[in-house]
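# Structure assessment
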Amino acid sequence: MRCDITETAKILKRMEVPDWALDKTLLTYDVNLNNDGSVVEDIRRATDSRRNIGIICKQSGRGKTHLAVGALGRACWSHRGNAWDYLFTRADSAIRRIETAGIRLDEVMEHYTDREALVLDEVGRGFERGEYSKAVFQMLVGEAYDKGVHLIWTSPFEWLELKGLIDGATISRLEGRGTGLIIQLREGKRYKISQPDEVKLF
């Protein structure tokens, strides 16, 4: 999809992508510092087929969120969707909002789960607050999965660590019952944004 930089930012803004991430598309991710260069193409293929995507790396600054935002934009374009039906949120922010929803619980849950695709950024952060936070996350992922939401998520924990934090049923839903794409980014230098001359590509 070819569109100018301003239009791309407008689309991502409707998905509640934060301002600091509005320039993050699959085209602007510099694959030279990560993996074998196939990561972006792997994400495109998984997104086009609506496979769940998990992006993991303990080190910050390696592009987990960048790739997740790029996948969200790609999902909207690939499935000819309305940008309002696609949502980006930090996992701990969603948990806190659900925890404090009170009588508005159904409305808040629908905000996250009545979507074509949902990015849950930084899965695992905030779980140290206790079992209740984990239970809320389990409920969120379970409802999203049951509604057929395309889940895209990132985590600063290793895969085995994440399995120790989250119950088996939720892990299974996050990875799409074994059909999803799990990407482990290498640690190393902080990645940089590649700057295309005129257009950005979902």
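Just above sits the structure.
Since the model is a prediction, treat every value here as computed from it, not as a measurement.

## Re helix H6 (residues 131-146)
Taking 1.5 Å per residue as the helical rise, H6 with its 16 residues ought to reach 22 Å, and the 22 Å between its terminal C-alpha atoms agrees with that figure. Of the positions making up H6, those classed as buried are Ser133, Val136, Phe137, Leu140, Val141, Gly142 and Ala144. Gly148 sits one or two residues past H6 and shows a positive phi near 75 degrees.

## Side note on the environment of Asp114
The residue Asp114 is located in the loop between helix H5 (105-113) and strand S4 (117-121) in this model. Under the relative-accessibility criterion, Asp114 is labelled partly exposed at 44%. Along the backbone, Asp114 and Gly148 are 34 residues apart, and their C-alpha atoms lie at a distance of 9.4 Å. A distance of 2.6 Å separates the side chain of Asp114 from the side chain of Lys147, its partner in a polar contact.

## Topic: the pattern of salt bridges
Tallied over the entire structure, the rule returns 14 salt bridges. With a closest N to O distance of 3.3 Å, Lys58 and Glu161 form a salt bridge. Taken as a pair, Lys58 in the loop between strand S2 (53-56) and helix H3 (64-78) and Glu161 in helix H7 (residues 159-165) lie far apart in primary sequence, 103 residues in all. Classification of Glu161 as partly exposed rests on a relative accessible area of 34%. With its nearest N and O atoms 3.4 Å apart, the salt bridge here joins Lys134 to Glu131. With Lys134 and Glu131 both in helix H6 and three residues apart, this pair spans about one turn of that helix. Since its relative accessible area comes to 58%, Glu131 is described here as exposed.

## Re the sheet that holds strand S3 (residues 86-90)
Ordered by their spatial adjacency, five strands build an open sheet running S3-S4-S5-S2-S6, and the pairing between neighbours is parallel. The strands lining the two open edges of the sheet, one partner per strand, are S3 and strand S6 (181-184). The mean angle between the axes of side-by-side strands here comes to 10 degrees, regardless of whether they run parallel or antiparallel. Pairing of S2 with S6 involves four bridges; the strand directions are parallel. Across the sheet, the residue bridging to Ile53 is Leu181, located in S6. Strand contacts of H3: S2, S3, S4 and strand S5 (150-155), with the helix running at about 170 degrees to S5, the strand carrying the most contacts. Running over the sheet, helix H4 (residues 91-99) touches S3 and S4 and is turned about 90 degrees from S3.

Scoring rules and cut-offs
Residues numbered from 1 in each chain as written. Predicted model: local features only at pLDDT ≥ 70, side-chain atom pairs only at ≥ 80, totals over all residues. Heavy atoms only, no water. Helix = DSSP H or I, 4+ residues; strand = E, 2+ residues; numbered from the N terminus. Expected span 1.5 Å × (residues − 1). Buried < 20%, exposed > 50% of the residue type's maximum accessible area, 1.4 Å probe, protein only. Polar contact = N/O pair within 3.5 Å; in protein donor to acceptor, adjacent residues only side chain to side chain. Salt bridge = Lys/Arg side-chain N within 4 Å of Asp/Glu carboxyl O. Pairing = 2+ DSSP bridges. Axes fitted to C-alpha atoms, helices over the stretch in contact; angles between N-to-C directions. Contact = heavy atoms within 4.5 Å.

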